[in-house]
2 protein chains.
Amino acid sequence: MIKREKIASIIKSTNFNRNVTVMGWVKTFRNNQFIALNDGSCMGNLQIVVDFANTPDEILKKITTGASISVSGNLVASLGKGQICEVKAETIEILGESDAEKFPLQPKKHSLEFLREIAHLRFRTNTFNAVFKVRHALAFAVHQFFNEKGFVYLHTPIITASDAEGAGEMFRVTTLPFDNTPKTETGEIDFKEDFFGRSANLTVSGQLEGELGAMALGEIYTFGPTFRAENSNTARHLAEFWMIEPEVAFADLEDNMNLAEDLLKYVIKYAIDNCEDELAFLSNRLTEEDKNKPQAERSEFDLMTKLNFCLENDFERLTYTEAIEILKRSKPNQKKQFKYLIENWGADLQSEHERYLVEKHFKKPVILTDYPADIKSFYMRMNEPDGQGRKTVRAMDILFPGIGEMVGGSQREERLDFLQKRMDEMHIPQDELYWYLDTRKFGTAPHAGFGLGFERLVLFVTGMTNIRDVIPFPRFPKNAEF
Amino acid sequence: MIKREKIASIIKSTNFNRNVTVMGWVKTFRNNQFIALNDGSCMGNLQIVVDFANTPDEILKKITTGASISVSGNLVASLGKGQICEVKAETIEILGESDAEKFPLQPKKHSLEFLREIAHLRFRTNTFNAVFKVRHALAFAVHQFFNEKGFVYLHTPIITASDAEGAGEMFRVTTLPFDNTPKTETGEIDFKEDFFGRSANLTVSGQLEGELGAMALGEIYTFGPTFRAENSNTARHLAEFWMIEPEVAFADLEDNMNLAEDLLKYVIKYAIDNCEDELAFLSNRLTEEDKNKPQAERSEFDLMTKLNFCLENDFERLTYTEAIEILKRSKPNQKKQFKYLIENWGADLQSEHERYLVEKHFKKPVILTDYPADIKSFYMRMNEPDGQGRKTVRAMDILFPGIGEMVGGSQREERLDFLQKRMDEMHIPQDELYWYLDTRKFGTAPHAGFGLGFERLVLFVTGMTNIRDVIPFPRFPKNAEF
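Just so it is clear, the model here is predicted, and its values are computed rather than measured.

The rules behind the values
Residues numbered from 1 in each chain as written. Chains lettered and ligands numbered in written order. Predicted model: local features only at pLDDT ≥ 70, side-chain atom pairs only at ≥ 80, totals over all residues. Heavy atoms only, no water. Helix = DSSP H or I, 4+ residues; strand = E, 2+ residues; numbered from the N terminus. Buried < 20%, exposed > 50% of the residue type's maximum accessible area, 1.4 Å probe, protein only. Phe/Tyr/Trp six-rings, centres within 6.5 Å; stacked < 30°, edge-to-face > 60°. Lys NZ or Arg CZ within 6 Å of the ring centre and 35° of its normal. Contact = heavy atoms within 4.5 Å. Buried area = accessible area lost by both parts, 1.4 Å probe. Salt bridge = Lys/Arg side-chain N within 4 Å of Asp/Glu carboxyl O. Polar contact = N/O pair within 3.5 Å; in protein donor to acceptor, adjacent residues only side chain to side chain. Nonpolar A, V, L, I, M, F, W, Y, C, P; charged D, E, K, R; others polar. Least-squares fit on C-alpha atoms with pLDDT ≥ 70 in both. Domains from an automatic or database assignment. Axes fitted to C-alpha atoms, helices over the stretch in contact; angles between N-to-C directions. Parallel < 35°, antiparallel > 145°, perpendicular 65-115°, else oblique. Pairing = 2+ DSSP bridges.

Novice: I would appreciate a short explanation of unusual backbone geometry in the present structure.
Specialist: Most peptide bonds take the trans configuration, and most residues that are not glycine carry a negative phi. Residues and elements named next belong to chain A. The backbone phi angle of N32 is positive, close to 50 degrees, even though this residue is not glycine. Here N32 lies in the loop between β1 (18–30) and β2 (34–38). For H427, which is not a glycine, the phi torsion comes out positive at approximately 55 degrees. Tracing the backbone through its elements, the reader meets H427 in the loop between α12 (416–425) and α13 (434–441). What makes H427 exposed here is its relative accessible area of 70%.

Novice: In this structure, what is going on with the packing of aromatic side chains? I would like to understand it.
Specialist: Geometry of an aromatic ring pair is reported as the spacing of the ring centres plus the angle between the planes. Enumeration according to the criterion identifies 60 aromatic pairs over all chains in this entry. Members of the aromatic cluster, each reached through a chain of ring pairs, are F123, F128, F132, F473 and F482 of chain A together with F378, Y379, Y434, W435 and Y436 of chain B. Taking NZ or CZ as reference, R468 of chain A lies 3.5 Å from the ring centre of F476 of chain A, over its face. Its guanidinium or amino end placed over the ring of F418 of chain B, R415 of chain B lies 3.6 Å from that ring's centre, counting from NZ or CZ.

Novice: What is the right way to read the environment of N126 of chain B from this model?
Specialist: Residue and element names in this part refer to chain B. Positionally, N126 belongs in helix α4 (residues 126–148). A relative accessible area of 29% places N126 in the partly exposed class. Sequence separation between N126 and C42 is 84 residues, and the spatial gap between their C-alpha atoms is 9.3 Å. Among residues more than four places away in sequence, those in contact with N126 are K27, M43 and F281.

Novice: Could you clarify how one ought to interpret the interface of chain B and chain A in this entry?
Specialist: Accessible area lost on assembly of the parts is the figure often given for the size of an interface. In this complex, chain B contributes 116 residues to the contact, which on the side of chain A involves 116 residues. At the boundary of chain B with chain A, total buried surface from both sides reaches about 9,300 Å², with 65% on carbon and sulfur atoms. Run the count over chain B and chain A and you get four salt bridges. A salt bridge links K6 of chain B to E219 of chain A, with the shortest nitrogen-to-oxygen separation between them at 2.5 Å. Along the contact surface separating chain B from chain A lie 47 residue pairs in polar contact (both at pLDDT 80 or more). The element contributing the most residues to the side of chain B that touches chain A is α4 of chain B, with ten residues. For the side of chain B that touches chain A, a count of residues per class yields 59 nonpolar, 28 polar and 29 charged.

Novice: Honestly, the relation of the copies chain B and chain A in this entry has me stumped. Any pointers?
Specialist: Mapping chain B onto chain A leaves a residual RMSD of 0.0 Å; the transformation is a rotation of 180 degrees accompanied by 0.0 Å of translation along its axis. Taken together, the rotation and translation describe the operation of a two-fold axis. Minimal C-alpha separation from the rotation axis in chain B is found for V173 of chain B, amounting to 2.5 Å. Interface residue correspondence from chain B to chain A reaches 100%, placing this contact among same-surface, isologous pairings.

Novice: How should I be thinking about the domain arrangement of chain A in this particular structure?
Specialist: All names here are of chain A. We note that the domain assignment places domain 1 (7–103) and domain 2 (124–169 + 204–469) within chain A. On the side of domain 2, nine residues touch domain 1, which itself brings ten residues to the contact. For the pair domain 1 and domain 2, the two sides together bury roughly 710 Å², of which 44% comes from carbon and sulfur. Between K12 and D277 there is a salt bridge, with its nearest N and O atoms 3.0 Å apart. Taken together, the connections running from domain 1 to domain 2 amount to seven residue pairs in polar contact (both at pLDDT 80 or more).

Novice: When you look at the pattern of salt bridges in this model, what are you seeing that I'm missing?
Specialist: It is possible for side chains bearing opposite charge to pair when their charged atoms get close. All names here are of chain A. By the definition in use, this model includes 64 salt bridges over all chains. Residue R4 is joined to D39 by a salt bridge in which the shortest nitrogen-to-oxygen separation is 3.3 Å. Within this pair, whereas R4 is found in the segment before α1 (7–10), its partner D39 is found in the loop between β2 and β3 (46–49), the two being separated by 35 residues in sequence. As far as burial versus exposure is concerned, R4 and D39 are alike and both buried. By sharing partners, the salt bridges in this structure join E254, E261, K265, D314 and R317 into a single network.

Novice: It is not clear to me how the packing of helix α9 (residues 320–329) of chain A against helix α11 (residues 351–362) of chain A should be interpreted in this structure. Could you clarify?
Specialist: Working note: a packed helix pair is described by the angle between its axes plus the distance between those axes. All names here are of chain A. Relative orientation of the contacting elements α9 and α11 amounts to 80 degrees, with a least axis distance of 11 Å. When the interaxial angle is binned, α9 and α11 end up roughly perpendicular. Contacts from A323, I326 and L327 in α9 reach H353, Y356, L357, H361 and F362 in α11. Here the residues of the contact of α9 with α11 sort into six nonpolar, two polar and no charged.

Novice: Even after reading the chapter, I still don't get the sheet that holds strand β16 (residues 447–453) of chain A, so can you show me in this structure?
Specialist: Sheet strands associate in pairs through backbone hydrogen bonding, adopting either a parallel or an antiparallel arrangement. Residues and elements named next belong to chain A. The eight strands lie next to each other as β6-β10-β11-β16-β15-β14-β13-β12, forming an open sheet whose pairing is mixed. Only two strands of the sheet have a single neighbouring strand rather than two, namely β6 (152–153) and β12 (316–319). In the packing of helix α14 (residues 454–462) onto the sheet, the strands contacted are β10 (219–227), β11 (240–249), β14 (392–400), β15 (404–411) and β16, and the crossing angle to β16 comes to about 55 degrees.

Novice: I'm lost on the pairing of β3 of chain A in this one. Help?
Specialist: Regular strands show a simple pattern: their side chains alternate between the two faces of the sheet. All names here are of chain A. Burial along β3 is two-sided: L46 and I48 facing one way and Q47 and V49 facing the other are all buried. Of the pairings in the sheet, the one linking β2 to β3 comprises four bridges and is antiparallel in character. In the sheet register, L37 faces β3, and the bridge partner there is L46. Sheet analysis places β3 next to strand β5 (residues 85–96), joined by three bridges and oriented parallel. When the bridges of β5 are listed, V49 appears paired with K88.

Novice: Help me out: how do you make sense of the side chain of H120 of chain A in this one?
Specialist: Turning to its location among the elements, H120 of chain A is positioned in the loop between α3 (112–117) and α4 (126–148). Classification of H120 of chain A by relative accessible area gives buried; the value is 4%. Only 2.8 Å separates the side chain of H120 of chain A from the side chain of D438 of chain B, close enough to count as a polar contact. The contacts of H120 of chain A, once residues within four sequence positions are left out, are F473 and F482 of chain A together with L212, Y434, W435 and D438 of chain B.

Novice: Looking at this structure, how should I read the sheet that holds strand β9 (residues 200–202) of chain B?
Specialist: Taken together, the six strands give an open sheet; going across it, the order is β7(A)-β9(A)-β8(A)-β8(B)-β9(B)-β7(B), and neighbouring strands pair in antiparallel fashion. The sheet is open, and its two edges are formed by β7 (159–160) of chain A together with β7 (159–160) of chain B, each paired on a single side. Bridge count between β7 of chain B and β9 of chain B: two bridges; the pairing is antiparallel. Its bridge partner being in β9 of chain B, T160 of chain B is matched across the sheet by N201 of chain B.

Shown next, in the form of structure tokens:
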């Protein structure tokens, strides 16, 4: 094909008076003269000036919103406002027509709900161009952060036979037929006949396998899809989402908190440095959205202020026990405004409590540690009971304004006897997890790790409010479209 | 925790006579005096010199292969051969014991088959340390390559409701019970009751969704897990594997070939530049393995020579039709040594033919293009029939020595009428793929892309021979262990 130049590479150029060829989709066509052309390489549109008199009608009438064209012409300084340069078209070729009557994306504002229904076309809007560029930048920053630190990117399995972790409802993966399902002699489903010779599921977390890697390679991270078959139709949950899970040998909870805080600051800074136009657009978008909301629901800060604020402040670190004291004494608790009042130590924190701590009390990201053992997973390291005999584990949750839990992690229980006792108490079968226990039998060592929900990170950085708008094709109950 | 230093950061250091703390796993302990310590951060072991006389027996007897220890002491120049420095231990703490009788990894050579059975521990061997470091480097290089070129990393869905592509057998994803499966009035399984409200599967490729991204963002790539429910128990197939799939708007097959060749050379060069020790080890390993093979099966080149050869030579590009002519005239075809003799144009190429072209005829990577339409997928762009009326498509396969097909791709059929005709011929339901067709209705444009099987790339670069040895926890028929 003719060598085209990407609009991103010329839109801020002042290397004028040369011939260029660009290709892209028509955003608008004003007065039979000015085409706003976008090729996806950047948010901005390149202005194409059409020589109306010398362009055949045939061509002119096909320059419609959504059409794909190839333009060759002279790149010149623009006299118009809002752009440095423009292309004086010499030849225009229509690559793909777009029937203006039928093209769903009219040059007007569409609701996010409508765009979700045409997720295959929403990439062509400014908003989703920006969202997916920021998502890309954050993903790349994650890899760069860990690569610079010497971590090994480990592809833990997506299909697992282990359902021992109990982290949530799982999807079954099978090749067995629903009709004439093979049965054992005792009349149960015979999973020996299934593809993997046993019952298999989609992973809810790569952590346990990640630990196997860390206990040999030292420092690993995963970045892959994870799944929950929960019937949650909310703006914060997906059935399929991406998670980042580092695991570090010879590390304790302190190291773990430092790693998570460093990671979050690094990737946010990377986005700020590399997505200037996209974040400016999204920040402006959020501010405009806010204007339509009642005063009480508006954001206190604009997007850029919020992001910079995260970089410039240490995250607040406190124990669950300290948090409970703050919540007990808090106004909404005293005035019975919380839906779930905090009365006793041991209560699981609800979203309203987390938001109070982060958004009202500390007004910055918060790391809560040392949760009651009863509300946390079997693999978290047990603390010594406190003066009142209360049992806690070396867990941490990182809470973000507007998002809630962004990160969940812990120092892992590396002591075989403690781990076995806890598995027994929680009815977790040791034989199924023999490989996990082996790491405690042969050269165990303190280690720690966490999980970062990637879509929640993208939500925070883009200022979007529905998680279905930050993943290309969201999966949720009754929806696996595209 | 005490601040430890990673062995990678000191093993080549000449910053002597300072105190260091290191932690890791004991590889060997010789003469109650020399510990070879490895913490996973590099292939090399750090020598620890134990002060035998002043170390309690309690400690000495726990310094066994596989045990995890923390050592503080003085970093000094080593008098021994093969190492620059060593640590004169002042304190040794046992972090995790390892019963030498029970620890499966003895300090001797184990077979790859045995290590596959203890995949949770094989990370601690030199071979797998090297393999997974190289795998990491290749993954990072992929992201860096595309990021530098302005591609957007797109997370296409893992769970899909579309089974229209016909790329292979699929795994079903379901929450329906096998007992009392809900039925419709006509007695069929009622997938409306399933989690997604319809029958759903694990993706076999992100390509179709990737095209949706490219037709708006311009240049995208995927890097995620894909699945085949095929009963293939071979050294080249997995049920779960990772694939890289770029899609580029305004690109033709020529651009596609250039992109693929650039990508492969970039990532191989990155591994050579960043995994010197690992590749030296693996190269040596392969040479040793070869010595046990009959002359005819030995590699012509060692690993490093083979990798460098790929960088220094252009891949050979020819059409399927040209390849058929070469194969027809070839010795093994004339002498009837091929299992499948090449007689007519239109035959699908078998592994033996691909290997002949790559390993005997051209002796370098080969890009075959323009395959017969009948043996390729519906989405590949149709060529004009040739003089003899033979129909071909703008497909390309990249064949590598020892590996076979590393990349498969094509220019996509962007013309709506051609695409619809071909879908009809191949009985692919258009209504299920309405979203795919929409990209051809609204501003279609020439575009192209390919799929690179990541594990095959890792196989090639590491010189390993079984694909189960280059992914942490392989999934194949009757196996989903760990």
